[in-house]
Amino acid sequence: MIVINLDVIMAKRKISLNELSERVGITLANLSVLKNNKAKAIRFSTLEAICEALDCNVEDIIEYRKD
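Residues numbered from 1 in each chain as written. Predicted model: local features only at pLDDT ≥ 70, side-chain atom pairs only at ≥ 80, totals over all residues. Heavy atoms only, no water.

**Student:** Whenever I open this one, the side chain of Asn5 confuses me. Can you help?
**Tutor:** Position of Asn5 relative to the elements: it lies in the loop between strand 1 (2–4) and helix 1 (6–13). Setting aside anything within four residues of it in sequence, one finds Asn5 in contact with Asp60, Ile61, Glu63 and Arg65. (Helix = DSSP H or I, 4+ residues; strand = E, 2+ residues; numbered from the N terminus. Contact = heavy atoms within 4.5 Å.)

Okay, here's the thing in structure tokens:
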């Protein structure tokens, strides 16, 4: 199972969903879907923008867990 740890990284960076949305240029609704592990896919450009805005690596956001 793929797990999105966006909420963890956002908490560590002390950034709100609103602020991240503005920095990345993604709607609050789409970020919320991603943050709540409801997303079925993510574009590399979106992932890159999130990593840049949060000053983190992809592996900080996306985690693979065996079921």
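Right, picking up where we left off after that structure.
**Student:** What should I look at first to understand the environment of Asp7 in this one?
**Tutor:** Tracing the sequence through the fold places Asp7 in helix 1. With 28 residues separating them along the chain, Asp7 and Lys35 place their C-alpha atoms 5.9 Å apart.

**Student:** What am I meant to see in helix 4 (residues 44–54) here?
**Tutor:** Every α-helix carries 3.6 residues per turn, so stepping three or four residues along brings you back to the same face. Considered for burial, the residues of helix 4 that qualify are Thr46, Leu47, Ile50, Cys51, Ala53 and Leu54. Looking straight down helix 4, one finds its buried side chains confined to an arc of 165°; they lie on one side. For helix 4, exposure combined with an orientation more than 90 degrees from the buried face picks out Phe44, Glu48 and Glu52. The inward-facing, buried residues of helix 4 abut helix 1, helix 2 (17–24), helix 3 (28–35), helix 5 (58–61) and strand 2 (62–64). Downstream of helix 4 by one or two residues, Asp55 has phi in the positive range, about 50°. (Buried < 20%, exposed > 50% of the residue type's maximum accessible area, 1.4 Å probe, protein only. Arc of directions from axis to C-beta.)

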